[in-house]
Amino acid sequence: MTLLAIAFEAGVVIASAFVAAALAYLIFRKREITVWAYLAAFIPRAIVIIVSLTGASNLGAFAWLSHTAGIFIYPMLLALGNILLIEVALAKRVKRESSLPLEVRHAVKIERFLGRLQDRRLLPKAAEVKEVYLACVLAGVINLAFVFSAGLL
């Protein structure tokens with residue numbers, strides 16, 4: 001694969017991510033949902049690239065499966081990530097750690113660290129799971145349209 005082909009493929013995926021993020025913001029009016037939609041646009045092509053790095057050839061059928069079935073599968077994974085961020089938000093509410101078991105105290109400390117990363121805007125904040133799923137499905141459809149129209153499938 002030439003450098004020009006890699007740059008073209010990356011440009012198509014980045015353009016689809018920006019369009020998906022813009023549409024998600026217009027629909028949901030939440031910055032957190034925009035971040036999830038932006039991330040969701042990269043996942044189907046990233047999976048294909050990771051498999052191609054293993055030396056696999058003739059990835060056309062795999063790419064087609066990753067982009068079509070992935071429209072519903074990858075948003076579930078991102079929604080699970082959002083649920084973990086909701087748990088991080090709940091860990092901020094724990095006041096007295098001394099009464100908790102040691103393992104739970106460690107988990108609370110990790111979740112508070114992740115909460116500080118969210119406060120510094122290094123991680124997206126939690127949003128409604130349904131909205132995250134819908135925005136990610138929208139991003140998957142937009143990514144499929146961009147990749148198909150560019151001839152990458």
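Before reading on, note that the structure itself is shown above.
Since the model is a prediction, treat every value here as computed from it, not as a measurement.

Asker: Describe the overall build of the protein chain, with residues and values.
Answerer: Summing up its helical and strand segments, the protein chain has six helices and zero strands in all. Along the protein chain, helices and strands appear, N-terminal first, in the series α-α-α-α-α-α. Taken along the three principal axes of its C-alpha coordinates, the protein chain extends 60 × 35 × 25 Å. Across the 153 residues in the protein chain, those meeting the buried criterion constitute 33%. Considering only contacts in the protein chain between residues 6 or more positions apart, those separated by 24 or more positions represent 69%. Between the averaged position of the 16 positive side-chain charges in the protein chain and that of its 9 negative side-chain charges there is a distance of 6 Å.

Asker: Describe in detail the side chain of arginine 45, supporting the description with residues and values.
Answerer: Its place among the elements puts arginine 45 in helix H2 (residues 31–53). For arginine 45, a relative accessible area of 7% translates into the label buried. Of the polar contacts made by the side chain of arginine 45, one reaches the side chain of glutamate 9; its length is 2.6 Å. Not counting chain neighbours up to four residues away, the residues in contact with arginine 45 comprise Glu9, Val13, Ala63, His67, Val147, Leu152 and Leu153.

Asker: Can you break down the packing of aromatic side chains residue by residue, with the values?
Answerer: Tallied over the entire structure, the rule returns three aromatic pairs. Members of the aromatic cluster, each reached through a chain of ring pairs, are Phe18, Tyr38 and Phe42.

Asker: Describe helix H3 (residues 60–68), and please don't skip the residues or the numbers.
Answerer: Of the positions making up H3, those classed as buried are Ala63, Ser66 and His67. Mapping the buried residues of H3 onto a view down its axis gives an arc of 90°, with all of them on the same face. Of the exposed residues in H3, the ones pointing more than 90 degrees away from its buried face are Ala61 and Leu65.

Asker: Residues and numbers for the packing of helix H1 (residues 3–28) against H2, please.
Answerer: At their nearest, the axes of H1 and H2 sit 8 Å apart, and the two run at 155° to each other. On the basis of their axis angle, the class for H1 and H2 is roughly antiparallel. The way H1 lies across H2 gives a crossing that is right-handed. Counted together, Glu9, Val13, Ile14, Ser16, Ala17, Phe18, Ala20, Ala21, Ala24, Tyr25 and Phe28 of H1 and Arg31, Ile33, Thr34, Ala37, Tyr38, Ala41, Phe42, Arg45 and Ile49 of H2 form the full contact between these two elements. Grouping the constituent residues of the contact of H1 with H2 by class yields 15 nonpolar, two polar and three charged.

Asker: Lay out the environment of tryptophan 64 with the relevant residues and their values.
Answerer: Within the fold, tryptophan 64 resides in helix H3. A relative accessible area of 41% places tryptophan 64 in the partly exposed class. Setting aside anything within four residues of it in sequence, one finds tryptophan 64 in contact with Phe148 and Leu153.

Calculation criteria
Residues numbered from 1 in each chain as written. Predicted model: local features only at pLDDT ≥ 70, side-chain atom pairs only at ≥ 80, totals over all residues. Heavy atoms only, no water. Helix = DSSP H or I, 4+ residues; strand = E, 2+ residues; numbered from the N terminus. Buried < 20%, exposed > 50% of the residue type's maximum accessible area, 1.4 Å probe, protein only. Contact = heavy atoms within 4.5 Å. Lys, Arg positive; Asp, Glu negative; His and termini not counted. Charge placed at Lys NZ, Arg CZ, Asp CG, Glu CD. Polar contact = N/O pair within 3.5 Å; in protein donor to acceptor, adjacent residues only side chain to side chain. Phe/Tyr/Trp six-rings, centres within 6.5 Å; stacked < 30°, edge-to-face > 60°. Arc of directions from axis to C-beta. Axes fitted to C-alpha atoms, helices over the stretch in contact; angles between N-to-C directions. Parallel < 35°, antiparallel > 145°, perpendicular 65-115°, else oblique. Left-handed = near helix turned anticlockwise from the far one by under 90°. Nonpolar A, V, L, I, M, F, W, Y, C, P; charged D, E, K, R; others polar.

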